Number of protein chains: 2
Amino acid sequence: MKRKITLKQIAKELDVSVSTVSKALSNSKEISEDTTQKIQAFAKLYNYKPNNIALSLKNRKTKTIGILIPEIVHHFFSTVIRGIERVANRRGYNVIVGLSNESFTKEIINMEMLANGSIDGFVLSISKETLLKQDYHHFNATINQGIPIVMFDRVVNEVDCDKVIVDDFNGAVKAVNKLLENGCKNIALITTMDYVSVGKLRTQGYLEALQNNGIIPDSNLILKIDDSLDVENNLDVLEIEIAQFFKSNPNIDGVFAVNELYAVSAMKVARKLGLKIPDDLQVIGFTDGVLSKHATPSLTTVSQHGQKIGEQSANLLIDRLEAEDSETEQYFTNNEKKRDFIKMVIETEIIERESTK
Amino acid sequence: MKRKITLKQIAKELDVSVSTVSKALSNSKEISEDTTQKIQAFAKLYNYKPNNIALSLKNRKTKTIGILIPEIVHHFFSTVIRGIERVANRRGYNVIVGLSNESFTKEIINMEMLANGSIDGFVLSISKETLLKQDYHHFNATINQGIPIVMFDRVVNEVDCDKVIVDDFNGAVKAVNKLLENGCKNIALITTMDYVSVGKLRTQGYLEALQNNGIIPDSNLILKIDDSLDVENNLDVLEIEIAQFFKSNPNIDGVFAVNELYAVSAMKVARKLGLKIPDDLQVIGFTDGVLSKHATPSLTTVSQHGQKIGEQSANLLIDRLEAEDSETEQYFTNNEKKRDFIKMVIETEIIERESTK
DNA sequence: ATATTTAACGAAAACGTTTTCGTGTTAACA
DNA sequence: TGTTAACACGAAAACGTTTTCGTTAAATAT
């Protein structure tokens, strides 16, 4: 079992100093042709690679970015990670992942754990519990420590940082418009409780689209699901609730749901109730995941472009990290204004499938 | 913007030495009650937390484990990550994620990047391209450097390390037995090409189950999908192929598919061909993901318990890491045998849903 | 009163780098 | 021949810890 070789060992072996080895390997012309050759050959032979940890300590930067998300077994979030990893990798960074599991305290613990030198910056999406508590001190604390944050999807005004969001509002508007164009007269909304910002925005988009078309929203046509219960494992509850909803509103001919699961469940229930999709009922969901693609009938959805969100987030973060670098390298600390915080909006797109006409 | 405070700064501020501060914070009784109090109070006030990188360098261990997987937007893999993260977190470790994207070279690059000090050990699943090439030198190289590896799911005999695998073979046997019990006479298999070990094992299980029941496998009833093409984005190709398959074998009354997608596609195609599920055709898939749960009809599947796989893998790895520790701490290097490599088999379980009788 | 223990702290090394600043040798120059 | 440049290299500091080994002064024992 050969431990990785270090500069010191190379130096000893070749009877030169550590500094000489270091310089030779970086092709410093301070070192003679001869010894450079010799050292490089030796290093190659023993497959020398500088130790990342030592470099991190010396440079006071780790070249890794921390991802902090509520959940990983989730199409949207894993897509975002893929995006982040892609650009991180391309730009020479690693990613380290923490899961808050939608818990406030786990979010804090993870954050503090990573903030103690392990990462240069965060890309994160806020946990539900944190959104409920509206306690964002930990975000501001780490920002004050000089660790930049980029928030995506679930963002919040109380924290000053770069943000990348989906255009939830307009996505919802587009979806409802589509249903209207397709001839729907009574469009229902299946949504979550209001404290999740994205749910709220999508709801607002729904209302806006109706009003723009001269339709007065009917509160009976809005179903708010309490997602404090673990819906994934309580599917029956969800379906019963939706069934009730359909039965008490037999006039519904269109459904806009704020996520895939609600949409697919709605289709399932509707078909059990004897409705034909898309003839009797048209359905549009949000989030273009596996479910939408493979449901029968396949589901028309508002796509969020998760990968793009991840890529943009990572780029924003790394840009800022490297801007900081060149800043401190400036001879004249001429107080050049830092780049303002950016709120980047990723446009949604409607992907038409079988659940609409 | 307050940078994180260091021992040195505390020492300066309180006019003591760095060593004193360090000792006081670890409650060493070398330091007097008084100064300990003073130092701890000050440290708390300024929210001192030791710098992880410095600790890593000093201790020559990072307390983080590297995950290297082919793909992250994938129910099984993300479930495994969740499992790993759970026990990692519980046992004081972080996880850093690399994606090979099924590519041999990306796997190597990622591996080398992380192996240079960033992590203490790997949990990984081999990329398809690597399996095809059968080139495993990079795994053995990092193991030789003293970095332990735990492989899961896609494993290989050529590398000596702990392994956690799904009992693919018996899972397949169970599934086929189930179909037989349910009265199927002509059970088809939809599988992948043979080089992916899991596909091969599931195929073998299928064959075994038939033979155990005195049925001679019919090669016409086996459909091998070439997954070198990106199936997810070529659904139509897949469906056409399956449709052909059904048409030329109208006697099929049961289908065992080696993954969710194939199973769901088979159901979709079958229904278009006018077959009733489960009356005319029963279907069982492998991998219990979102698709199985939410398909209509919902799919009976062989569950792989991804989270458990992740948890076991992480435990194996950390056990080995910490065993190494205590080993080097031994006064008597009494050559105690290292723990042999473990191959842990996670049993599968059939989850019955609507696609079987 | 002297010797020895104990208490309380500091100096320094080590982990593996990079980089600044010397320093000695040789070659070029006046 | 004496002065200066250029060349090739080494020593040491720094990043932030922990830990071993002194060291000093006070307290205890003889």
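Shown above is the structure to which this text applies.
The structure presented is a predicted model; accordingly, all values stated were derived computationally and were not measured.

Definitions and cut-offs
- Residues numbered from 1 in each chain as written.
- Chains lettered and ligands numbered in written order.
- Predicted model: local features only at pLDDT ≥ 70, side-chain atom pairs only at ≥ 80, totals over all residues.
- Heavy atoms only, no water.
- Helix = DSSP H or I, 4+ residues; strand = E, 2+ residues; numbered from the N terminus.
- Rg over C-alpha atoms; globule rule 2.2 N^0.38 Å.
- Buried < 20%, exposed > 50% of the residue type's maximum accessible area, 1.4 Å probe, protein only.
- Contact = heavy atoms within 4.5 Å.
- Buried area = accessible area lost by both parts, 1.4 Å probe.
- Salt bridge = Lys/Arg side-chain N within 4 Å of Asp/Glu carboxyl O.
- Polar contact = N/O pair within 3.5 Å; in protein donor to acceptor, adjacent residues only side chain to side chain.
- Least-squares fit on C-alpha atoms with pLDDT ≥ 70 in both.
- Near = heavy atom within 4 Å.
- Nonpolar A, V, L, I, M, F, W, Y, C, P; charged D, E, K, R; others polar.

When its secondary structure is counted, chain A shows 14 helices and 12 strands. The C-alpha atoms of chain A give a radius of gyration of 26 Å, which is well past the 21 Å a tight globule of 357 residues would have. Principal-axis analysis of the C-alpha atoms places the extent of chain A at approximately 90 × 45 × 35 Å. Per-residue burial over chain A gives 54% buried out of 357 residues. Of the contacts made within chain A by residues no fewer than 6 positions apart, 72% connect residues no fewer than 24 positions apart.

What follows covers the interface of chain B and chain A. Each side of the interface is counted separately: chain B has 62 residues, and chain A has 61 residues. Where chain B abuts chain A, roughly 5300 Å² becomes buried across the two surfaces, and 53% of that area is made up of carbon and sulfur atoms. Looking at the side of chain B facing chain A, the largest losses of area belong to I53(B), N116(B) and H294(B), adding up to 13% of the total buried there. Across the contact surface, chain B and chain A share six salt bridges. We note a salt bridge from E85(A) to K106(B), for which the minimum N-O separation is 3.7 Å. Counting across the chain B and chain A interface gives 15 residue pairs in polar contact (both at pLDDT 80 or more).

Below, the discussion takes up the relation of the copies chain B and chain A. When chain B is fitted to chain A, the best match, at an RMSD of 0.1 Å, comes from turning it 180 degrees and sliding it 0.0 Å along the axis. These values place the two chain copies in the arrangement generated by a two-fold rotation axis. For chain B, the minimum C-alpha distance to the rotation axis belongs to I96(B) and amounts to 2.0 Å. Comparing contact sets, 98% of the residues at the interface of chain B also lie at the interface in chain A, consistent with an isologous, same-surface contact.

The next subject is the pattern of salt bridges. This structure, assessed with the given rule, holds 26 salt bridges over all chains. E71(B) serves as the salt-bridge partner of R82(A), at 3.4 Å between the closest nitrogen and oxygen. Remark: E71(B) occurs in the loop between β1 (64–69) and α5 (75–90) and R82(A) occurs in helix α5 (residues 75–90); the pair is interchain, linking two chains. Note that R86(B) is salt-bridged to E311(B), the shortest N-O span being 3.2 Å. Here R86(B) is found in helix α5, whereas its partner E311(B) is found in helix α14 (residues 306–329), with 225 residues between them in sequence. By sharing partners, the salt bridges in this structure join K63(A), R91(A), D319(A) and E322(A) into a single network.

Neighbouring DNA strand C are 27 residues; K58(A), T20(B), K23(B), E30(B) and S32(B) lie closest to it. Take S17(B): an N or O atom from its main chain is 2.9 Å from a phosphate oxygen of DNA strand C. In this structure, K58(B) approaches DNA strand C through a main-chain N or O atom, which is 3.4 Å from a base oxygen. Top element by residues in the surface near DNA strand C is helix α2 (residues 18–25) of chain A. It accounts for four residues. Class assignment for the residues of the surface near DNA strand C results in nine nonpolar, nine polar and nine charged.

Neighbouring DNA strand D are 27 residues, the closest being T20(A), K23(A), E30(A), S32(A) and K58(B). Here the atoms of DNA strand D within 4 Å of the protein split so that 56% fall in sugar or phosphate, with bases taking the remainder. Within the backbone of S17(A), an N or O atom sits 2.9 Å from a phosphate oxygen of DNA strand D. Measuring from a base oxygen of DNA strand D, one finds a side-chain N or O atom of K58(B) at 3.5 Å. Mapped by element, the contributors of at least two residues to the surface near DNA strand D are α2 and α4 (52–59) of chain A together with α1 (7–14), α2 (18–25) and α4 (52–59) of chain B. Counting residues per element, the surface near DNA strand D draws most heavily on α2(B), which supplies four residues. Considered class by class, the residues forming the surface near DNA strand D number nine nonpolar, nine polar and nine charged.

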